[in-house]
Amino acid sequence: MEGDDLGTWVVKFTGAGQGPKSLVAEVVVGELARGLGLAVPELVVIDVDPDLGRTEPDQEVQELLRSSAGSNLGMDYLPGSITYDPLAFEVEPGLAARVVWLDAFTLNVDRSWRNPNLLVWGGRLWLIDHGAALYPHHDWAGIDAAVERSVPGISDHVLLPVLGARAPELLAAADAELAPAVTAALLGGVVDLVPGEWTDAPGTAYVEWLLARVSGRRPWLEELLVPAAALGSERAGGGARGARRSERPDWLRGGRGA
Ligand SMILES: Nc1ncnc2c1ncn2[C@@H]1O[C@H](COP(=O)(O)OP(=O)(O)O)[C@@H](O)[C@H]1O
Ligand SMILES: [Mg+2]
């Protein structure tokens, strides 16, 4: 959509099937990633005038606009960007490790090699689409049980093969760098950006939950290091250059869909 600032924005609507909580995850994880030094296109709140729907010929879009009056999520549109392809773009292994760590920490199941949700633009890797992350927030009653939960399907992560034989060492380094940076101040600033009408849960609940996940016992990190070590032994001696789909070890093939 074109905004009244004349910018072009990819808009995700509160009235869409995934519901407003997926927009909460987009903002919390997107801004957390940015705070940790990863590249995420600018995120803004877009006020949608329901009257826009009156001139929209497609009835489905008409209804979407009508049910999305008010605050919606806009992401800066990166013109000419392309979806990350391991065969076409080389990612620095340290960066790959930081992205894998972020996805394990935030329970983001949506960065598989089938569906990378990574864009290449201006010679850099950009992280998009964090709507499926933080999924335990759809059920706050069970949130405490999810403090130590591991992200399912991490072995399908599109950037895991980039780590190669150095995976355990690179992930440990990413953890040593990023975990201390996930502070109450950073998280507090991030949740403050979420429009109040998108969720009943207070921002402090997100801050406390994510702080609990990043400190203390962290089985989600230990479990991340298991496939990483397997990858390391599979690829030992093979070097740690960019991922090659044809080189995917057996245990990485035929995983879950995205
Ligand atoms: N900021 C952006 N700039 C350019 N293209 C984008 C941007 N955000 C999304 N896209 C394109 O739209 C597709 C779908 O966006 P995504 O955020 O992944 O939504 P979905 O929840 O539908 O998967 C992406 O795979 C990408 O091709
Ligand atoms: Mg997507």
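The structure reproduced in this document is the subject of the present report.

Each value, and the rule that gives it
Residues numbered from 1 in each chain as written. Chains lettered and ligands numbered in written order. Predicted model: local features only at pLDDT ≥ 70, side-chain atom pairs only at ≥ 80, totals over all residues. Heavy atoms only, no water. Pairing = 2+ DSSP bridges. Helix = DSSP H or I, 4+ residues; strand = E, 2+ residues; numbered from the N terminus. Near = heavy atom within 4 Å. Polar contact = N/O pair within 3.5 Å; in protein donor to acceptor, adjacent residues only side chain to side chain. Areas by Shrake-Rupley, 256 points an atom, 1.4 Å probe, with all protein chains shown as cover. Buried < 20%, exposed > 50% of the residue type's maximum accessible area, 1.4 Å probe, protein only. Phe/Tyr/Trp six-rings, centres within 6.5 Å; stacked < 30°, edge-to-face > 60°. Donors = N, O, S within 2.8 Å, 3.2 Å for Na, K, Ca; no water. Core = buried A, V, L, I, M, F, W, Y, C linked by side-chain atoms within 4.5 Å. Patch = residues over 30% accessible without salt bridge, like charges linked within 9 Å, V, L, I, M, F, W, Y side chains within 5 Å. Salt bridge = Lys/Arg side-chain N within 4 Å of Asp/Glu carboxyl O. Lys, Arg positive; Asp, Glu negative; His and termini not counted. Charge placed at Lys NZ, Arg CZ, Asp CG, Glu CD.

1. Digging into the sheet that holds strand E6 (residues 124–127)
- Strand order in this open sheet of three strands is E4-E5-E6, and the pairing throughout is antiparallel. Bordering the open sheet on either side are strand E4 (82–83) and E6, each of which pairs with just one other strand.
- The pairing of strand E5 (residues 118–121) with E6 spans four bridges and is antiparallel. Opposite leucine 119, over in E6, you have tryptophan 126 as the bridge partner.

2. Structural notes on the site of ligand 1
- Taken together, the neighbourhood of ligand 1 is formed by Val10, Lys12, Met75, Asp76, Tyr77, Leu78, Ser81, Asn117, Leu119, Ile128 and Asp129.
- A distance of 2.8 Å separates a nitrogen atom of ligand 1 from a polar backbone atom of leucine 78.
- Within the side chain of aspartate 129, a nitrogen or oxygen atom sits 2.9 Å from an oxygen atom of ligand 1.
- Out of a free accessible area of 540 Å², ligand 1 has 62% covered by protein chains.

3. Focus: unusual backbone geometry
- At asparagine 117, a residue that is not glycine, the phi angle is positive and equals roughly 50°.
- Turning to its location among the elements, asparagine 117 is positioned in the loop between helix H3 (93–105) and E5.
- Within the chain, leucine 134 stands out as a residue other than glycine whose phi angle is a positive 55°.
- One can find leucine 134 in the loop between E6 and helix H4 (160–163).
- The buried category is assigned to leucine 134, whose relative accessible area is 0%.

4. A word on the packing of aromatic side chains
- Here the structure, examined in full by the defined rule, presents five aromatic pairs.
- An angle of 35° between the planes, with centres 5.7 Å apart, marks the rings of phenylalanine 105 and tryptophan 220 as tilted. Of this pair, phenylalanine 105 sits in helix H3 while tryptophan 220 is found in helix H8 (residues 219–235), placing the two residues 115 residues apart along the sequence.
- Using a relative accessible area of 0% as the deciding quantity, one classes phenylalanine 105 as buried.
- By relative accessible area, tryptophan 220 is classed as buried at 2%.
- With a centroid separation of 5.7 Å and an interplanar angle of 65°, the aromatic rings of tryptophan 121 and tryptophan 126 are classed as edge-to-face.
- Assessed through its relative accessible area of 30%, tryptophan 121 is described here as partly exposed.
- For tryptophan 126, a relative accessible area of 13% translates into the label buried.

5. A word on the coordination of the magnesium ion (ligand 2)
- Distances from the magnesium ion (ligand 2) to its protein donors, Asn117 (OD1) and Asp129 (OD), fall at 2.0 to 2.2 Å. Of this pair, asparagine 117 sits in the loop between H3 and E5 while aspartate 129 sits in the loop between E6 and H4, and the two are 12 residues apart along the sequence. Here asparagine 117 matches aspartate 129 in class, with each residue buried.

6. Some words on the nonpolar core
- Counting 68 residues, the largest nonpolar core has Tyr84, Trp101, Leu134 and Leu159 as the members making the most contacts within it.
- Core analysis: the second largest hydrophobic core is formed by six residues, Trp9, Val11, Phe13 and Ile46 among them.

7. Quick look at a negative patch on the surface
- Taken together, the side chains of Glu2, Asp4, Asp5, Glu42, Asp47 and Asp49 define an acidic patch exposed on the protein surface.
- Note that aspartate 49 resides in the loop between strand E2 (43–48) and helix H2 (59–66).

All we've got here are geometric facts, nothing functional implied.
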